[in-house]
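Architecture at a glance
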Amino acid sequence: MANSFDVIILGGGPAGYVAAIRSAQLGMSTALVEKDKLGGVCVNIGCIPTKALLHSAYIARLLSNAKEFGVEAGSVKTDYGVAMQRSRRVSDQNSKGVEFLMKKHKVTVARGAGMLQPGRKVKVGSDVLEAKQAVLIATGSRVKGLPQIGLEINKTTVISSDEALLLEKAPPSLAVIGAGAVGMEFADIFHAFGTKITLIEALPRILPLEDAEASDTLARSYRKRGIEVIVGAKVKKGTAGKDKVALEVEAGGATQKIEVAAVLMAAGRAVNTEGIGLAECGVQVTDRGFIKVDATLQTTAPGYYAIGDVAGPPMLAHKGSREGVFVTELLAGKQPHPIKYDNVPSVTYCHPEVASIGLTEDQCKERKLDYVAGRFPFSANGRARGSGETEGFVKILRDKRYGEILGAHIVGAHASELIHELAVARENEYTVEEVELAIHAHPTMSEAVAEAALDSLGRVLNI
Ligand SMILES: Cc1cc2nc3c(=O)[nH]c(=O)nc-3n(C[C@H](O)[C@H](O)[C@H](O)COP(=O)(O)OP(=O)(O)OC[C@H]3O[C@@H](n4cnc5c(N)ncnc54)[C@H](O)[C@@H]3O)c2cc1C
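Definitions and cut-offs
Residues numbered from 1 in each chain as written. Predicted model: local features only at pLDDT ≥ 70, side-chain atom pairs only at ≥ 80, totals over all residues. Heavy atoms only, no water. Pairing = 2+ DSSP bridges. Helix = DSSP H or I, 4+ residues; strand = E, 2+ residues; numbered from the N terminus. Axes fitted to C-alpha atoms, helices over the stretch in contact; angles between N-to-C directions. Patch = residues over 30% accessible without salt bridge, like charges linked within 9 Å, V, L, I, M, F, W, Y side chains within 5 Å. Areas by Shrake-Rupley, 256 points an atom, 1.4 Å probe, with all protein chains shown as cover. Salt bridge = Lys/Arg side-chain N within 4 Å of Asp/Glu carboxyl O. Near = heavy atom within 4 Å. Polar contact = N/O pair within 3.5 Å; in protein donor to acceptor, adjacent residues only side chain to side chain. Nonpolar A, V, L, I, M, F, W, Y, C, P; charged D, E, K, R; others polar. Buried < 20%, exposed > 50% of the residue type's maximum accessible area, 1.4 Å probe, protein only. Phe/Tyr/Trp six-rings, centres within 6.5 Å; stacked < 30°, edge-to-face > 60°. Contact = heavy atoms within 4.5 Å. Domains from an automatic or database assignment. Buried area = accessible area lost by both parts, 1.4 Å probe. Parallel < 35°, antiparallel > 145°, perpendicular 65-115°, else oblique. Left-handed = near helix turned anticlockwise from the far one by under 90°. Expected span 1.5 Å × (residues − 1).

1. Concerning the sheet that holds strand S22 (residues 405-412)
- The strand order S18-S19-S22-S21-S20 describes an open sheet built from five strands, whose pairing is antiparallel. Each edge of the sheet is formed by a strand with only one pairing partner; in this case those strands are strand S18 (346-348) and strand S20 (371-377). Each strand of the sheet is rotated relative to its neighbour by a mean of 10°, with strand direction disregarded.
- When S20 meets strand S21 (residues 393-399), the two strands line up antiparallel, connected through seven bridges. Residue phenylalanine 376 lies in a different strand from S21, and its bridge partner there is valine 394.

Here you go:
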């Protein structure tokens, strides 16, 4: 292997592999170092397999209610093992897709654990690769348990998303600890596969980073489906046995004992910054453990950049990919569009989906902004009624004076797709008037976006 490259990227997740593609497109010789499967957490044990499983869950729910739509599906049987195998095939296909992209763009892939060395070098096995321009650190993150309460991940009764994605059978009962995106998605998946779910969240509401109305709507939806949701809860103790786990959970001033077949730890992730030679190269980390970067994503060591989860929140694939594009364009002498971290869409792909961008209503209040909230429920949307997906709403927060979109929140079917109209609008500083001015096809769920914009202007039509 030729050992000198313009750019070397450590880690082949969505931050690293996208950076590799863009770097190569810009004519820089590029090496990507990966110790595992290409595509990282996202492709192999994150975004992609969970979405495949969520689709299986969606089909299970749809078939259970098919009679209402005039379709007799008989008794619906689910098999998590089959759904899991399908999700693995989807992930593998995507990982192979990344391999193909590396070949297509003539990116050199160095297989093995890379170790940073001073002088913009990366050691992989017995090879030492050298970067003429820069080393990009994109080593991502991993699950972390709660060993302090006795809940160390044991891969059988106390599992993380890594193991949940490989189970052959859905457990009869499951406590999901942490009601962020990952916890919410797995609660949805396993519930559809017949598992009795207890969802436990330490903060006062599920999806704590989302708008309070979105959290409340989702909590109602989950409870209606028979999922037990316990918020403001502290897991005081966990005792993992061979085939069950006993939990002591304190919530609302009382302590309850919960016994489940398994616990899924979905609370937080740790970044992969240990043992990769950061200190030796002068790369510092923040108090929270992320790699310290400046506005150009350069670390404290010149010539070393950090992108993706290691560079800080939000820990999302699309944020990492954009950082990869940004840094490589900068290295190629371009002037990339600055990354607007306040305009990164956030999506939870559970049922109903939750998607948002910008400020929540509470944040508008905290900042003492003069805002107006416009809302439109999917129960008043013809397309949503037609498909029987009337749960949820679109909510747009607009600046009272100028009509600027301060934040947008969608709960409902296809929220993950609908949010992008508002992402484009915010990125380009369109006002609510400009969003509404575009004619929205009828009947579509997107009409609810236009109607919420109208509602914020006091001109809603269909309610
Ligand atoms: C269950 C789950 C579901 C998720 N769903 C979504 C979602 O729907 N949407 C979304 O945006 N985000 C989602 N995420 C988060 C998303 O997966 C991460 O934000 C994203 O993968 C981060 O990308 P990255 O490139 O920074 O790192 P990673 O994807 O973690 O990739 C880092 C890569 O670096 C490699 N590596 C690490 N150290 C070394 C080394 N020393 N040498 C060589 N290689 C190394 C690793 O093997 C890995 O392949 C989900 C996460 C989980 C766990």
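Structure's up, so let's keep going.
2. A look at a nonpolar patch on the surface
- A surface patch of nonpolar side chains, about 210 Å² in accessible area, is lined by Ile59, Leu63 and Val76.
- In this structure, leucine 63 sits in helix H3 (residues 47-64).

3. What about the site of the ligand?
- Not every one of the 36 residues close to the ligand is listed here, only the nearest: Glu34, Lys51, Gly114, Asp309 and Ala317.
- The backbone of methionine 315 places a nitrogen or oxygen atom 3.2 Å from an oxygen atom of the ligand.
- Alanine 317 has a polar backbone atom sitting 2.8 Å from an oxygen atom of the ligand.
- Bound to the protein, the ligand loses 94% of the 990 Å² it would expose on its own.
- Of the residues forming the shell around the ligand, the biggest block, four residues, is contributed by helix H2 (residues 40-45).
- Here the residues of the shell around the ligand are counted per class, giving 16 nonpolar, 14 polar and six charged.

4. Digging into the pairing of strand S5 (residues 121-124)
- On S5, burial follows the alternation: Val122 and Val124 on one face are buried, whereas Lys121 and Lys123 on the facing-out side are not.
- In terms of strand pairing, strand S4 (residues 114-117) meets S5 through four bridges, oriented antiparallel. Bridge pairing in S5 places glutamine 117 opposite lysine 121.
- What sits between the antiparallel neighbours S4 and S5 is a turn of three residues, in which glycine 119 has the positive phi angle 85°.
- Hairpin connection, S5 to strand S6 (residues 127-137): the antiparallel pair is bridged by two residues, and glycine 125 has positive phi, about 60°.

5. Some thoughts on the packing of aromatic side chains
- Counted by the stated rule, this structure contains three aromatic pairs.
- Ring geometry for tyrosine 80 versus phenylalanine 193: centroids 5.5 Å apart, planes at 90°, classification edge-to-face. In this pair, tyrosine 80 sits in helix H4 (residues 80-104) while phenylalanine 193 sits in the loop between helix H6 (181-192) and strand S10 (196-200), placing the two residues 113 residues apart along the sequence.
- Residue phenylalanine 193 is classed as buried on the basis of its relative accessible area, which comes to 10%.
- Grouping aromatic residues by their ring pairs yields a cluster made of Tyr80, Phe186, Phe190 and Phe193.

6. Description of the environment of alanine 212
- Its location among the elements puts alanine 212 in helix H7 (residues 212-224).
- Taking the C-alpha atoms as reference points, alanine 212 and isoleucine 410, separated by 198 residues in sequence, lie 12 Å from one another.
- Apart from residues lying up to four places away in sequence, alanine 212 is in contact with Arg205 and Asp362.

7. Quick look at the domain arrangement of the chain
- Domains assigned within the chain are domain 1 (4-142 + 270-341), domain 2 (147-267) and domain 3 (352-456).
- Between the C-alpha centres of domain 1 and domain 2 the distance comes to 27 Å.
- Domain 1 puts 19 residues into the contact, and the matching count from domain 2 is 16 residues.
- A buried area of about 1,500 Å², summed over both sides, lies between domain 1 and domain 2, and 67% of it is on carbon and sulfur atoms.
- Linking domain 1 with domain 2 are two salt bridges, by the criterion used here.

8. Digging into the packing of H3 against H4
- Where H3 contacts H4, the two axes come as close as 8 Å, and the packing angle between them is 140°. Looking at the two axes, H3 sits oblique to H4. With respect to the hand of their crossing, H3 and H4 are arranged in right-handed fashion. From H3, Ile48, Pro49, Ala52, Leu53 and Ser56 reach across to H4, where they touch Tyr80, Ala83, Met84, Arg86, Ser87, Arg88, Val90, Ser91 and Asn94.
- Residue classes in the contact of H3 with H4 are distributed as eight nonpolar, four polar and two charged.

9. Focus: helix H12 (residues 415-427)
- The first and last C-alpha atoms of H12 sit 18 Å apart over 13 residues, in line with the 18 Å expected at 1.5 Å per residue.
- Inspection of H12 places Ala415, Ser416, Leu418, Ile419, Leu422, Ala423, Ala425 and Arg426 among the buried residues, and these make up the whole buried set.
- On its buried side, H12 packs onto S18, strand S19 (353-358), S21, S22, helix H13 (432-437) and helix H14 (447-456).

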